[in-house]
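Commentary on secondary and tertiary structure
Each chain, letter by letter, is given below.
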Amino acid sequence: MLLDATLAYLHFLCIIALVSLILAEAALLRPALIAQSGRWLARLDIGVAIAAVAVLSSGLSRAVWGAKGWGYYAHNPVFHAKIGVFVLVALLSIMPTLQFIRWAKAFRRDPAYMVPAAELKRARRYVMIELHLLVLLPLFGVMMARDLHF
Ligand code: HEM
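Residues numbered from 1 in each chain as written. Predicted model: local features only at pLDDT ≥ 70, side-chain atom pairs only at ≥ 80, totals over all residues. Heavy atoms only, no water.

Attention now goes to a nonpolar patch on the surface. A cluster of nonpolar side chains, namely Leu 3, Leu 56, Leu 60, Val 64, Trp 65 and Trp 70, defines an oily patch on the protein surface of about 590 Å² accessible area. It is helix α3 (residues 41–65) that contributes the most residues to the nonpolar patch, 4 residues altogether. Within the secondary structure, Trp 70 sits in helix α4 (residues 70–74). (Patch = residues over 30% accessible without salt bridge, like charges linked within 9 Å, V, L, I, M, F, W, Y side chains within 5 Å. Areas by Shrake-Rupley, 256 points an atom, 1.4 Å probe, with all protein chains shown as cover. Salt bridge = Lys/Arg side-chain N within 4 Å of Asp/Glu carboxyl O. Helix = DSSP H or I, 4+ residues; strand = E, 2+ residues; numbered from the N terminus.)

In structure tokens:
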């Protein structure tokens, strides 16, 4: 039981880190802040990537070494839906990531660089869609914990 509790705790820590970092990105993707934040969003985004890998690793560890064992999750549609939404969020994060890298390069070339409003709006839209999709993951988590199915 100690291993299961430890993995659950680590999963929650990783989730808190990931959601906090994505929320920070959303908060910084504003016209009033982008002249400053646009320089280092790419670095913040590295933290998002590390936290995402940690959430995935802790989630898979729970499935493999947790109290229920892999057999419970291998054919569990809720578990598959959870991984599916997580992968969709990861794919959606590619566009903002590439945008942040382009902005960082532009600011290095020209410290007075101005982020185009259309690029800012699009990057923010993707990050907000990610956040709305992430809301589904704890729902799938509590369903699995209580053996609820679709
Ligand atoms: C941001 C992404 C995620 C969030 C917010 C999230 C949320 C949660 C929550 C709240 C629980 C606990 C439910 C409870 O005990 O009542 C949970 C459990 C779990 N999560 Fe996640 N999770 C995420 C990603 C993942 C991923 C990517 C995986 C697998 C690869 C995963 C696998 C699991 C497993 C196996 C459990 C244990 C369920 C059980 O008790 O049977 N999670 N998750």
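Moving on, there is more to tell.
Our focus in this paragraph is the coordination of the iron atom of the ligand. Tetrahedral coordination by four donors sets the ideal angle at the metal to 109.5 degrees; octahedral coordination by six donors sets it to 90 or 180 degrees. Around the iron atom of the ligand, the protein contributes the donor atoms His 11 (NE2) and Lys 82 (NZ), which lie 1.9 to 2.1 Å from the metal centre. The class for His 11 is buried, based on a relative accessible area of 8%. A relative accessible area of 16% places Lys 82 in the buried class. (Donors = N, O, S within 2.8 Å, 3.2 Å for Na, K, Ca; no water. Buried < 20%, exposed > 50% of the residue type's maximum accessible area, 1.4 Å probe, protein only.)

Okay, the environment of Ala 17 next. In this structure, Ala 17 sits in helix α1 (residues 2–28). Through-space distance from the C-alpha of Ala 17 to that of Ala 52 is 8.8 Å; in sequence the pair is 35 residues apart.

Attention shifts here to helix α7 (residues 117–134). Over its 18 residues, α7 extends 26 Å from the first C-alpha to the last, a length consistent with the 26 Å expected when each residue adds 1.5 Å. Buried within α7 are the following residues: Leu 120, Ala 123, Val 127, Glu 130, Leu 131, Leu 133 and Leu 134. (Expected span 1.5 Å × (residues − 1).)

Turning our eyes to something else, we now look at the nonpolar core. Of all hydrophobic cores here, the largest spans 36 residues; its most connected members are Leu 18, Ile 22, Leu 29, Ile 34, Leu 41, Phe 100 and Trp 103. For this core, the element with the most residues is α3, which contributes 7 residues. (Core = buried A, V, L, I, M, F, W, Y, C linked by side-chain atoms within 4.5 Å.)

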